[in-house]
Amino acid sequence: MLQPMLTPAGPISWQRWWVRQMARIAWLPNGVEFQAAEIGGVAGEWAKPRRLAPAKKAAILYLHGGAYCV
């Protein structure tokens, strides 16, 4: 559903609008809490499990490859 809409032929502003609309209807995983964040001037979000294991000094940075086109 996304790929035909995300093309160099279309305006970036329209593609970003389309992705935002699709994100509004996406299901969120159970047991995960999302918090808005800004790191180094870049907006993002933390996805944290609601039930935390004992604290460890580690994190996973996940960048979904499809997002790079918009």
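The structure contained in this document is the topic of the report that follows. (Residues numbered from 1 in each chain as written. Predicted model: local features only at pLDDT ≥ 70, side-chain atom pairs only at ≥ 80, totals over all residues. Heavy atoms only, no water.)

What the protein contains, in helices and strands, is 1 helix and 2 strands. Helices (α) and strands (β) of the protein occur, in sequence order from the N terminus, as α-β-β. Per-residue burial for the protein yields a buried fraction of 7% across its 70 residues. Accessible surface, the protein as shown: approximately 6700 Å² in total, 62% of it carbon and sulfur. (Helix = DSSP H or I, 4+ residues; strand = E, 2+ residues; numbered from the N terminus. Buried < 20%, exposed > 50% of the residue type's maximum accessible area, 1.4 Å probe, protein only. Areas by Shrake-Rupley, 256 points an atom, 1.4 Å probe, with all protein chains shown as cover.)

Further remarks concern the packing of aromatic side chains. Going through the model one piece at a time under the given rule, you end up with 3 aromatic pairs. For the ring pair Trp 14 and Trp 18, a centre distance of 5.7 Å and an interplane angle of 10° mean the geometry is stacked. Separated by 4 residues within a single helix, Trp 14 and Trp 18 lie in helix H1 (residues 12-24), roughly one turn from each other. Exposure remark for Trp 14: the relative accessible area of 35% places this residue in the partly exposed category. Judged by its relative accessible area of 14%, Trp 18 falls in the buried class. Each residue in the set Trp 14, Trp 17 and Trp 18 is aromatic and connected to the rest through ring pairs, giving one cluster. (Phe/Tyr/Trp six-rings, centres within 6.5 Å; stacked < 30°, edge-to-face > 60°.)

Now for a nonpolar patch on the surface. On the surface, a nonpolar cluster with roughly 280 Å² of combined accessible area is contributed by Met 5, Trp 14 and Trp 17. Following the sequence through the fold, Met 5 ends up in the segment before H1. (Patch = residues over 30% accessible without salt bridge, like charges linked within 9 Å, V, L, I, M, F, W, Y side chains within 5 Å. Salt bridge = Lys/Arg side-chain N within 4 Å of Asp/Glu carboxyl O.)

Here we take up the pairing of strand S2 (residues 42-49). Taking burial as the measure, the 8 residues of S2 include 0 buried ones, a minor fraction of the element. Hairpin remark: strand S1 (residues 32-39) followed by S2, antiparallel, with 2 residues in the connecting loop; positive phi at Gly 40, about 60°. (Pairing = 2+ DSSP bridges.)

What follows deals with H1. Under the 1.5 Å per step criterion, the end-to-end length of H1 is 19 Å for 13 residues, consistent within 8% with the ideal 18 Å. Buried residues of H1: Gln 15, Trp 18 and Met 22, and no others. Here the buried residues of H1 occupy an arc of 60° about the axis, which is enough to place them on one side. Residues Ser 13 and Arg 24 are exposed on H1 and point more than 90 degrees away from its buried face. (Expected span 1.5 Å × (residues − 1). Arc of directions from axis to C-beta.)

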